[in-house]
Amino acid sequence: MLAVTAACLCCCLLCLMSVTAVYRETITAAPSETAILSCRVPSSGPITVVEWTREDLDKQNVLFFRDGRCEADYQHPLFLDRVELLDKKTEDRDVSLVLKNVKKEDNGTYECRAVWNGGNRRKRYILDSDPISVINLTVDSPVSQQPLVVVEEEGVESVLLPCQVPTLKHKNRHVEWSRPDLNPSIIHLQREEGDDLRSQNQKYGNRTSMLSKALEDGDLSLTLRKPSVHDTGTYTCSFFCFGHKVRQSEVQVEVKSEVHSGGVPTWATVLLVLLGLLVLGGAVIGGVLCYRRSNTNTGRKANGGSSEIQMMESSVVDARSDSAVFKVKVDSGKESVQLPCKINVPLTKNYRVVWTTKEFYLVHVYENGIDHPEEQHRNYTGRTQIKKDFSLTLNKPMWNDSNIYTCVVYEKKGSILRTHRVNLEVGDPQEVDSGVESVQLSCQTSVDLTGDVRVEWTDRYNNKVHVYKNGSDEEEQHRDYKGRTEMKKDLQTGDVSLILKHPTCEDSESYLCTIYRGENILMERERILKVREFRKVVKEGEKSVVLPFKTTPDLPEDTEVEWYHDDPKRKLIVHLYPNSADQPDKQDQLYEGRTEMTADTKTGDFSLTLKNLGVKDSGEYKCEVVSKERNIRRFTRIVIEVEETSQDQEDIKSDCSSPEQTPLLTESSG
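Worth saying up front: this structure is predicted, and the values here are computed from it rather than measured.

Q: Whenever I open this one, the overall build of the chain confuses me. Can you help?
A: The secondary structure content of the chain amounts to four helices and 46 strands. A burial count over the chain gives 49% of its 670 residues as buried. Of the contacts made within the chain by residues no fewer than 6 positions apart, 62% connect residues no fewer than 24 positions apart. Here the chain displays about 33,200 Å² of accessible surface, and carbon together with sulfur accounts for 48% of that area.

As structure tokens, then:
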């Protein structure tokens, strides 16, 4: 009996120790919203146990799922009746967590673990394995709980109803625009496969549209064409995933009736006649402009016959939403960058100006003549100033500041006068091909590097890439970078550049070089690295193709290697090499007898040869190399495209069909 138990234990341990890439993400959510924490099991076998934990909850979990149901025995009371799996059937290996009615107390780092392929461990054992996914959740208040107000005039070509959500890579997403006061209430519905207008209210037929890739980009804004006074009302934008309402926002639309030509004021008509008598050429231009403006605002005046119509401080300004996005690009490390807001409205105490990100988090608020830094998101505290033309100055821009920023100007009554969007791109990435020997990330300083000085290179997750202190390198280093880095130590020239060996697409990151003296920061420099994904195109029927993967030499002999094909439906094991031996019985049958791997820990070569290529072999291949102690990790990703060969193509010889001469086809960041 004891021997059987030990055998089962070893089997489960082997399952749990299978090489797994850790997915990391930082997400934000507002109180009362629903948050989705992503996690996907990298296996084709049945999932028996899923556990979500938070690092500060000690022995209690967030969610424990076993044998198709959730168990609450060890669940922390904070999450009672507020969490569930996104897909309870786990058909697509998606074990993401749905956290409802988000609270401030939900801030923290969440970890996802699982048992698959028949394992059935007890609850607390799972915590001894590496997490599959690590999610940092930040709970922060959005701009305002009040709906946006859009004011338009009847007769304009279209009006834009803004709605932005964070991008989600899960399946079964859709967005629904509705007006609760109508029956049917659906204004526009878009699913992943396209628009679904079967339930659309007939009043909006052929008058609504959304971006074709709205669900991918997170821009769910709705364009309403030829608005009339009957379109005045409250519109709701609801974003769903697996039937869960993840986010909802409201837009109030007010469409004003067009003033008829008979309503032109007498003074405007007289003015037009006088202008025509005085200046024949200027009368045509001035008359047209005055006539058009007088129809909407009798409080405006013509300035000395000029064609430019100036606006009185008390006048009402029509809303105009800029659907175009103004692009601004700046290098990381610059002192500041200016985000323009092209609005010709004088800055007075009667206006409220709000700058936000696409996630609707506050960047800057100006109201009644003063700034309101207490409303800012903490990432922008002390880093912004607003100018007289509503443009925003952002100090010390970093790669993480890349975003779509929106400037909204509100009238005193709450109506939107105008919106303007700016796409900010920070940093000019340093690009290299996957497979190069090394890449150097430069960092030079004039700071005195003698004495108690510490140099830290970190990635965007604050993982230690390389640490130098008091004249020597430190051992504190994340496992993804162990044995892969060197730092220049030229104290005279101030060169502390980082050399990263054998970069792959997973190393496409923002890296920060920080120099400390004691606890004081002397200098910070950001460097952005983009490693081009390795892609090969081969012809159907080719005898073989090599998927190259060469990393640092002298890895431990007990290093475990796994090549797998990340198929959209399931993970296919291509080649498994644990404990210094191949395991062909673990391969997916599609690859049986078709693979050979170079497993040389001395040279760091783990290239794979795939034989007898077919169209089904097209897709994304990943290789993960992990030491038995889990303290060293290497990873790469390669895309193979197998072209189907027709009879005509068989007669055509092309250099690109040769694996040795196959060029890189596309450039893609990992």
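Q: How should I be thinking about the pattern of salt bridges in this particular structure?
A: Applying the stated criterion across every chain, the model contains 35 salt bridges. Measuring nitrogen to oxygen at the nearest pair gives 3.4 Å for the salt bridge that ties Asp473 to Lys489. Linking Asp473 in strand 34 (residues 472–473) with Lys489 in the loop between strand 35 (485–487) and strand 36 (498–501), this pair joins segments that are 16 residues apart in sequence. Classification of Asp473 as partly exposed rests on a relative accessible area of 39%. Of the charged contacts, one joins Glu596 and Lys611 as a salt bridge, the two residues approaching to 2.8 Å between their closest N and O atoms. Taken together, the positions of Glu596 in strand 43 (residues 595–597) and Lys611 in strand 44 (residues 608–611) put the pair 15 residues apart, joining distant regions of the chain. Classification of Glu596 by relative accessible area gives partly exposed; the value is 45%.

Q: Quick question: what am I supposed to make of unusual backbone geometry here?
A: Of all residues except glycine, most have a negative phi; of all peptide bonds, most are trans. Put simply, Asn183 and Pro184 share a cis peptide bond, and its omega is 0°. Following the sequence through the fold, Pro184 ends up in the loop between strand 12 (173–178) and strand 13 (186–191). Backbone geometry at Lys226 places phi at a positive 50°, although glycine is not the residue there. Assignment of secondary structure puts Lys226 in the loop between strand 16 (222–225) and strand 17 (233–241).

Q: Help me understand the sheet that holds strand 1 (residues 23–29) in this model?
A: Within a sheet, adjacent strands bond to each other through the backbone by hydrogen bonds, running parallel or antiparallel. The strand order 1-9-8-3-4-5 describes an open sheet built from six strands, whose pairing is mixed. Each edge of the open sheet is held by one strand with a lone partner, namely strand 1 and strand 5 (69–71). Ignoring which end each strand starts from, the neighbouring axes of this sheet average 20° apart. Of the pairings in the sheet, the one linking strand 3 (residues 47–54) to strand 4 (residues 63–66) comprises four bridges and is antiparallel in character. When the sheet's bridge partners are listed, Trp52 is paired in strand 4 with Leu63.

Q: Explain the confidence of the model for the chain here, please?
A: In low-pLDDT regions, the fine details of the predicted coordinates are not to be read closely. Averaged over all residues, the pLDDT of the chain is 78; the fraction at 70 or higher stands at 78%. Within the model, the stretch residues 260–322 combines pLDDT values under 50 with 68 contacts to residues more than four positions away or in other chains. Within the model, the stretch residues 649–670 combines pLDDT values under 50 with 36 contacts to residues more than four positions away or in other chains.

Q: Where do I start with the packing of aromatic side chains in this structure?
A: Following the criterion strictly, the structure yields six aromatic pairs and no others. Between the NZ or CZ atom of Arg454 and the centre of the ring of Tyr516, over which it lies, the distance is 4.2 Å.

Q: What is the right way to read the side chain of Ser238 from this model?
A: You can see Ser238 is positioned in strand 17. In terms of polar contacts, Ser238 uses its side chain to reach the side chain of Gln248, at 3.2 Å.

Q: Quick question: what am I supposed to make of the state of the cysteines here?
A: Linking two cysteines covalently through their sulfur atoms gives a disulfide. Counted under the stated rule, the structure contains three disulfides. Here Cys341 is linked by a disulfide to Cys407, with a sulfur-sulfur distance of 2.4 Å. Looking along the S-S bond of the Cys341-Cys407 disulfide, the torsion reads about -85°, which is the left-handed sense. Here the residue Cys341 occupies a position in the loop between strand 22 (336–339) and strand 23 (352–356), and Cys407 occupies one in strand 28 (residues 403–410), the gap between them amounting to 66 residues. Judged by relative accessible area, Cys341 falls into the buried class, the value being 2%.

Q: When you look at the pairing of strand 41 (residues 560–566) in this model, what are you seeing that I'm missing?
A: A regular strand places its side chains on the two faces of the sheet in alternate fashion. With seven of seven residues buried, strand 41 lies mostly within the body of the structure. Both faces of strand 41 are covered, namely the face carrying Glu560, Glu562, Tyr564 and Asp566 and the face carrying Val561, Trp563 and His565. Inspection of the sheet shows strand 41 paired to strand 45 (residues 619–626) by six bridges, in the antiparallel sense. Residue pairing for strand 45: Trp563 is matched across the bridge by Cys623.

Q: I keep staring at the nonpolar core and nothing clicks. Help me out?
A: As a rule of thumb, nonpolar side chains are buried together in soluble globular proteins. With 35 residues, the main nonpolar core has Leu161, Trp177, Leu220 and Tyr235 as its most contacted residues. Once you skip the residues sitting within four places of it in the chain, Leu161 turns out to touch Trp177, Ser221, Leu222, Leu224, Tyr235, Val251 and Val253. Core analysis: the second largest hydrophobic core is formed by 29 residues, Ala29, Val50, Trp52 and Leu99 among them.

Q: For this particular structure, what's the right way to read the sheet that holds strand 36?
A: Sheet architecture is open: three strands sit in the order 31-36-35, paired in antiparallel fashion. Because the sheet does not close on itself, it has two edges, and the strands there are strand 31 (438–441) and strand 35. For this sheet, the mean angle separating the axes of adjacent strands, direction not counted, is 20°. In this structure, strand 35 lies alongside strand 36, joined through three bridges in antiparallel fashion. Among the inter-strand pairings, Met487 is bridged to a residue of strand 36, identified as Leu498.

Q: Help me understand the pairing of strand 42 (residues 571–577), please; the structure alone is not making it clear to me.
A: Within strand 42, seven of the seven residues are buried, which leaves the element mostly enclosed by the surrounding structure. Strand direction decides the pairing type here: strand 41 and strand 42, joined by six bridges, are antiparallel. Pairing of Val561 across the sheet is with Tyr577, part of strand 42.

Q: Explain the environment of Thr514 to me, please; I cannot follow it from the model alone.
A: Of note, Thr514 is situated in strand 37 (residues 509–517). For Thr514, a relative accessible area of 4% puts it in the buried group. Separated by ten residues in the primary sequence, Thr514 and Glu524 place their C-alpha atoms 4.6 Å from one another. Not counting the four nearest positions on each side in its chain, Thr514 is found in contact with Arg454, Val455, Glu456, Ile521, Met523 and Glu524.

Q: Is there a simple way to explain the side chain of Thr445 in this structure?
A: Assignment of secondary structure puts Thr445 in the loop between strand 31 and strand 32 (453–458). Under the relative-accessibility criterion, Thr445 is labelled buried at 10%. There is a polar contact of 2.9 Å between the side chain of Thr445 and the backbone nitrogen of Val447. Apart from residues lying up to four places away in sequence, Thr445 is in contact with Thr493, Gly494, Ile515 and Met523.

Q: Explain the environment of Gln430 here, please?
A: Residue placement: Gln430 occurs in strand 30 (residues 430–433). Residue contacts for Gln430: discarding those within four places in its chain leaves Val439, Gln440, Leu441, Ile528, Leu529 and Lys530. Within the structure, the side chain of Gln430 is placed 2.9 Å from the backbone oxygen of Gln440, a separation counted as a polar contact.

Thresholds, definitions, all that
Residues numbered from 1 in each chain as written. Predicted model: local features only at pLDDT ≥ 70, side-chain atom pairs only at ≥ 80, totals over all residues. Heavy atoms only, no water. Helix = DSSP H or I, 4+ residues; strand = E, 2+ residues; numbered from the N terminus. Buried < 20%, exposed > 50% of the residue type's maximum accessible area, 1.4 Å probe, protein only. Contact = heavy atoms within 4.5 Å. Areas by Shrake-Rupley, 256 points an atom, 1.4 Å probe, with all protein chains shown as cover. Salt bridge = Lys/Arg side-chain N within 4 Å of Asp/Glu carboxyl O. Pairing = 2+ DSSP bridges. Axes fitted to C-alpha atoms, helices over the stretch in contact; angles between N-to-C directions. pLDDT = per-residue confidence, 0-100. Phe/Tyr/Trp six-rings, centres within 6.5 Å; stacked < 30°, edge-to-face > 60°. Lys NZ or Arg CZ within 6 Å of the ring centre and 35° of its normal. Polar contact = N/O pair within 3.5 Å; in protein donor to acceptor, adjacent residues only side chain to side chain. Disulfide = S-S within 2.5 Å. Core = buried A, V, L, I, M, F, W, Y, C linked by side-chain atoms within 4.5 Å.

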